[in-house]
Amino acid sequence: LALLPTSSDQLALADTLAVLGYMHFRLGEFTEARQFAEESLGLHRESGNQIGKAFCLRTLVNSCLALGAYEEAYAFSNESLTICRELLGDPHGTALCLTTLSAAARHLGQYDEARRWAEEGVRISKTLNDRWCLAQTLRQLGLAHLELGKIGQAEELIRQSIAHTRETGDRMLLGTALIALGSVERASEAYARSKQHFLQALQTAMETKTITVALQAVAEIAVSAMNEGENELALELVIYALQHPLVNARLKARLDQAHAGLVAQLTPKQVAEIEERVCARTLESLLQDLLLER
């Protein structure tokens, strides 16, 4: 990137920005990812490079989902879907677009629509025999069913998603799938199993250095602790996640709400002691302590 501003090779510049955006997204640096992807997208729009546009839009969609910008994520997903399905004739890309469309619709409260998008993604993935895409579309379909109150169907779909994820060997996605399963089991009041899946997700995320997934798992374990009346542990986990530099906007809003409720139930002395303990914590030591309690 440092060399390219003096070059007239706009395609090379666009591709470099696109890759930088994707790298920042995988590192959990979603604001930076969005900035690079938007700059690259502008260059690809000028040149009419549809493949480049689709790649940048995918980074933008996932970054917007993490940042809580759901309407923008939905719009970018729709644009990407048009490119992949109608202009490129790319069924794999189409299935991925349907996955993010489902996620955006679900976060916007459009649960039936989220289910329909995910169902179409599942059908395409099965036709392609694409297990990696199938794992993602099944997870989104399961989460849509969870929001619709169909807990049994949700659990079956997410277990299928986990099976396909294990077969592909993609351990970075496994943590996310385990969190989804834990959420479904908590909804069915299987609290012990739910907590174990959140712990497995945390361990997997730490092993793969997927810190944003690890923080999400920490938040879910904090909710489990609250349900068990362990408010001090819950607050410690919440404060730790809130103070981490990679906590995203969507997760932060949820953590802020939990923090307010927990502080109201504890004494100022308890809160001060917990805050002091958090200062001496690393994510690795937190994981070790949690796993010792299993």
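Think of each chain on its own: its residues are numbered from 1, step by step along the sequence as written. Local features are withheld for residues below a pLDDT of 70 in this predicted model, meaning they are given only at 70 or higher, and side-chain atom pairs are given and counted only at 80 or more; totals for whole chains, interfaces and linings count all residues. Side-chain calculation: all heavy atoms of the structure are included, whereas hydrogens and water are not.

> Talk me through a nonpolar patch on the surface; I want residue IDs and the actual numbers.
Judged by side-chain polarity, Ile-51, Leu-87 and Leu-88 come together as a nonpolar surface patch covering roughly 300 Å² of accessible area. Checked against the element boundaries, Ile-51 lands in helix H3 (residues 50–67). Candidate patch residues must exceed 30% relative accessible area and have no salt bridge, after which like charges are joined if within 9 Å and Val, Leu, Ile, Met, Phe, Trp or Tyr side chains if within 5 Å. Here the accessible surface of atoms and residues is derived via Shrake-Rupley with a 1.4 Å probe, and residues count as covered only by protein chains that are part of the display. By definition, a salt bridge exists where a carboxyl oxygen of Asp or Glu is found within 4 Å of a side-chain nitrogen of Lys or Arg. Secondary structure is summarised from DSSP: a helix means a run of H or I of at least four residues, a strand means a run of E of at least two, and numbering begins at the N terminus for each.

> So what about the packing of aromatic side chains? Which residues, and what values?
Two aromatic rings, drawn from Phe, Tyr or Trp (for Trp, its six-membered ring), form a pair once their centres lie within 6.5 Å of each other, and the interplanar angle then sorts them: stacked below 30 degrees, edge-to-face above 60, tilted otherwise. The tally for this structure, following the rule as stated, stands at three aromatic pairs. Ring centres 5.8 Å apart and planes at 50° place the aromatic pair Tyr-22 and Phe-55 in the tilted group. Of the two residues, Tyr-22 is situated in helix H1 (residues 10–26) and Phe-55 in helix H3; the sequence distance between them amounts to 33 residues. Geometrically, the ring pair formed by Phe-25 and Phe-30 is tilted, given 5.8 Å between the ring centres and 50° between the ring planes. Note on classification: 1.4 Å probe, protein chains only; a residue is buried when its accessible area is under 20% of the maximum for its type, exposed when over 50%, partly exposed between these limits. The class for Phe-30 is buried, based on a relative accessible area of 8%. Through a chain of ring-to-ring contacts, three or more aromatic side chains come together here, namely Tyr-22, Phe-25, Phe-30 and Phe-55.

> Could you give an account of the nonpolar core, with specific residues and numbers?
Put simply, buried Ala, Val, Leu, Ile, Met, Phe, Trp, Tyr and Cys residues joined by side-chain atoms within 4.5 Å make one nonpolar core. The biggest cluster of nonpolar side chains holds 50 residues, and the ones touching the most others in it are Leu-202, Leu-237 and Leu-255. Note on contacts: a residue pair is in contact if any heavy atoms of the two residues lie within 4.5 Å. Discounting residues that sit within four places of it in the chain, Leu-237 has contacts with Val-218, Ile-221, Ala-222, Leu-286 and Leu-290. Judged by nonpolar contacts, the second largest core, of 31 residues, contains Leu-57, Tyr-70, Ala-73 and Cys-84.

> Talk me through H1; I want residue IDs and the actual numbers.
Owing to its 3.6 residues per turn, the α-helix brings residues three or four apart onto one side. Over its 17 residues, H1 extends 24 Å from the first C-alpha to the last, a length consistent with the 24 Å expected when each residue adds 1.5 Å. All of the buried residues in H1 are Leu-13, Ala-14, Leu-17, Ala-18, Gly-21, His-24 and Phe-25. The buried residues of H1 occupy one face: seen down the axis, they fall within an arc of 135°. Where the residues of H1 are buried, they touch helix H2 (30–47) and H3. A side-chain oxygen of the first residue of H1 lies 3.3 Å from the backbone nitrogen of Leu-11; this N-cap is Asp-9. Two residues or fewer past H1, Gly-28 is found with a positive phi of approximately 85°. Helices are assigned an expected span. That span is 1.5 Å times one less than the residue count. Along the arc lie the directions from the helix axis toward the C-beta atoms. A 3.5 Å cut-off defines polar contacts: any pair of N or O atoms within that distance qualifies, except that in protein one atom must be a possible hydrogen donor and the other a possible acceptor, and neighbouring residues in sequence count only when both atoms are side-chain atoms.

> Quick one: what's the story with helix H5 (residues 91–107), residue by residue and with numbers?
Counted at 1.5 Å a residue, the expected span for H5 with its 17 residues is 24 Å, and the 24 Å between its end C-alpha atoms agrees. Burial runs high along H5: 14 of the 17 residues are buried. If you check the start of H5, you find a side-chain oxygen 3.2 Å away from the backbone N of His-92, and it comes from Asp-90. Backbone geometry just downstream of H5 places Gly-109 in the positive-phi region, at approximately 85°.

> Mind laying out the layout of surface pockets, listing which residues take part and the relevant values?
One water molecule sets the probe size; rolling that probe over the atoms shows where empty space is left. Cavities and pockets were defined on a 1 Å grid built from protein atoms only: a cavity is a group of points that admits a 1.4 Å probe but offers it no way out, a pocket is an open group of points flanked by protein on both sides within 12 Å along at least five of seven lines, and a lining residue is one with an atom within 4 Å of any such point. Grid points are joined across faces, edges and corners, and a volume is the space filled by probe spheres set on the points. One number sums up the size of the largest pocket: a volume of about 1,400 Å³. Throughout this entry, Asp, Glu, Lys and Arg are counted as charged residues, while Ala, Val, Leu, Ile, Met, Phe, Trp, Tyr, Cys and Pro are counted as nonpolar. The remaining residues, Gly among them, count as polar. Class assignment of the residues belonging to the lining of the largest pocket gives a composition of 18 nonpolar, 13 polar and ten charged.

> Go over unusual backbone geometry, please, and point to the residues and values.
When glycine is set aside, most residues are seen to have a negative phi, and most peptide bonds are trans. In this structure, Glu-189 takes a positive phi of about 65° despite not being glycine. You can see Glu-189 is positioned in the loop between helix H9 (171–187) and helix H10 (191–207). Backbone geometry at Lys-209 places phi at a positive 60°, although glycine is not the residue there. Here Lys-209 lies in the loop between H10 and helix H11 (211–227). Classification of Lys-209 as exposed rests on a relative accessible area of 66%.

> Can you explain the packing of helix H12 (residues 231–243) against helix H14 (residues 268–279)? Please cite residues and give values.
Helices that pack against each other are described as a pair by the angle of their axes relative to one another and the distance between those axes. Every angle, taken between N-to-C directions, lies between 0 and 180 degrees, and every axis is a line fitted to C-alpha atoms, over only the stretch in contact when it is a helix. Two elements in contact, H12 and H14, have axes separated by 9 Å at closest approach and are oriented at 50°. Between H12 and H14, the angle falls in the class oblique. Considering how the two elements wind past one another, H12 and H14 form a crossing that is right-handed. Between H12, through Glu-232, Leu-235, Glu-236, Ile-239, Tyr-240 and Gln-243, and H14, the contact on the second element is made entirely by Gln-270, Val-271, Ile-274, Glu-275, Arg-277 and Val-278. Our angle categories are set so that under 35 degrees counts as roughly parallel, over 145 as roughly antiparallel, 65 to 115 as roughly perpendicular, and the remainder as oblique. Each crossing is labelled by how the near helix is turned from the far one, with a counterclockwise turn of less than a right angle marking it left-handed and a clockwise turn marking it right-handed.

> Go over the confidence of the model for the chain with me, naming the residues and quoting the values.
One rule of thumb: low pLDDT means the predicted coordinates there are not for detailed reading. Every residue is assigned a pLDDT by the predictor, reflecting its confidence on a scale from 0 to 100. Per-residue pLDDT for the chain averages 92, and the proportion of residues at 70 or more is 99%. Between the elements of the chain, mean pLDDT differs from a low of 78, seen in helix H15 (residues 283–292), to a high of 97, seen in helix H6 (residues 111–128).

> I'd like a description of the pattern of salt bridges, backed by residues and values.
Here the structure, examined in full by the defined rule, presents 16 salt bridges. The salt bridge involving Arg-254 is made with Glu-220; its shortest N-O contact spans 2.6 Å. Taken together, the residues span a long stretch of sequence, with Arg-254 in helix H13 (residues 249–265) and Glu-220 in helix H11 at a distance of 34 residues. Note on Arg-254: relative accessible area 36%, which makes it partly exposed. The residue Arg-277 makes a salt bridge to Glu-236 at a minimum N-O spacing of 3.4 Å. Note that Arg-277 is positioned in helix H14 and Glu-236 in helix H12, a separation of 41 residues in sequence. Linked by salt bridges that have partners in common, Glu-155, Arg-159, Glu-185 and Arg-193 make up one network.

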